[in-house]
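# A structural walkthrough
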Amino acid sequence: MNEPAEKIKPAYPVRTCIGCYAKKSKYELVRIVLHADGRVLPDSDGKTGGRGAYVCPNEDCLEQAIKKKRFDRAFRCSIDKKSMVNLKNGFTECLKTRSEHY
Ligand SMILES: [Zn+2]
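In this numbering scheme, every chain counts its residues from 1 along its sequence in written order. Selection of residues for local features in this predicted model requires a pLDDT of at least 70, selection of side-chain atom pairs for listing and counting requires 80 or more, and totals for whole chains, interfaces and linings are taken over all residues. Calculation of side-chain values draws on the structure's entire complement of heavy atoms; hydrogens and water are dropped beforehand.

### Some details on the overall build of the chain
Helix and strand labels come from DSSP, where a helix needs a run of H or I of at least four residues and a strand needs a run of E of at least two; each type is numbered from the N terminus. Scanning the chain from terminus to terminus reveals 3 helices and 5 strands. In the chain, the succession of helices and strands from N to C terminus is β-β-β-β-β-α-α-α. Along the longest, intermediate and shortest principal axes, the C-alpha atoms of the chain span 55 × 35 × 25 Å. Exposure classes here rest on a 1.4 Å probe applied to the protein chains alone. A residue is buried below 20% of its type maximum, exposed above 50%, and partly exposed in between. Across the 102 residues of the chain, 34% fall into the buried class. In the chain, the share of contacts with a sequence separation of at least 24, taken over all contacts with a separation of at least 6, comes to 52%. Working definition of accessibility: Shrake-Rupley area with a 1.4 Å probe, residue cover restricted to the visible protein chains. Element-wise, carbon and sulfur atoms account for 51% of the exposed surface of the chain, whose accessible area totals about 7200 Å². For the chain, the distance from the average site of its 21 positive side-chain charges to the average site of its 13 negative ones is 6 Å. Residues count as neighbours in contact if any of their non-hydrogen atoms are within 4.5 Å of one another. Counted charges follow a simple rule, with Lys and Arg positive, Asp and Glu negative, and His plus the chain ends left uncounted. One atom stands in for each charge, and that atom is NZ of Lys, CZ of Arg, CG of Asp or CD of Glu.

### Thoughts on the coordination of the zinc ion
Atoms of type N, O and S within 2.8 Å of a metal are treated as its donors, and for Na, K and Ca the window is 3.2 Å; water is not considered, so some sites may appear to be missing partners. All of the protein donors around the zinc ion are Cys17 (SG), Cys20 (SG), Cys56 (SG) and Cys61 (SG); their distances to the metal are 2.3 Å. Taken in sequence order, the residues that donate to the zinc ion follow the motif C-x2-C-x35-C-x4-C. Taken as a pair, Cys17 in the loop between strand 1 (14-16) and strand 2 (23-25) and Cys61 in helix 1 (residues 59-67) lie far apart in primary sequence, 44 residues in all. Across this residue pair, the class does not change: Cys17 and Cys61 are buried.

### Remarks on the environment of Gly49
You can see Gly49 is positioned in the loop between strand 4 (40-42) and strand 5 (51-55). The spacing of Gly49 and Leu34 is 15 residues in sequence and 8.5 Å in space, taken between C-alpha atoms. In this structure Gly49 touches Val33 and Leu34, once residues within four positions along its chain are discounted.

Without other data, these values stay purely geometric and don't point to any function.
Here it is in structure tokens:
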């Protein structure tokens, strides 16, 4: 087999932001997880199980995703308003801790 030398795969998995549809490394995006109990929260340590969706670490993308009901589509169920408010609060917290890390 003659593999071309320049055939390099990206070293990281690429995910799409459901707010702006930008493709980025999953480490650059915030993973939002639908928990088994119906809560929708950012996955701050990357270890939470459940269905996930990705958004850029900024509130505009989260806002877009919420407005256009992309979480409903990503999670294949309807997310109520209360969960979205919780998600927004959690997301803001998550961004704060992220900026402390970098
Ligand atoms: Zn985005």
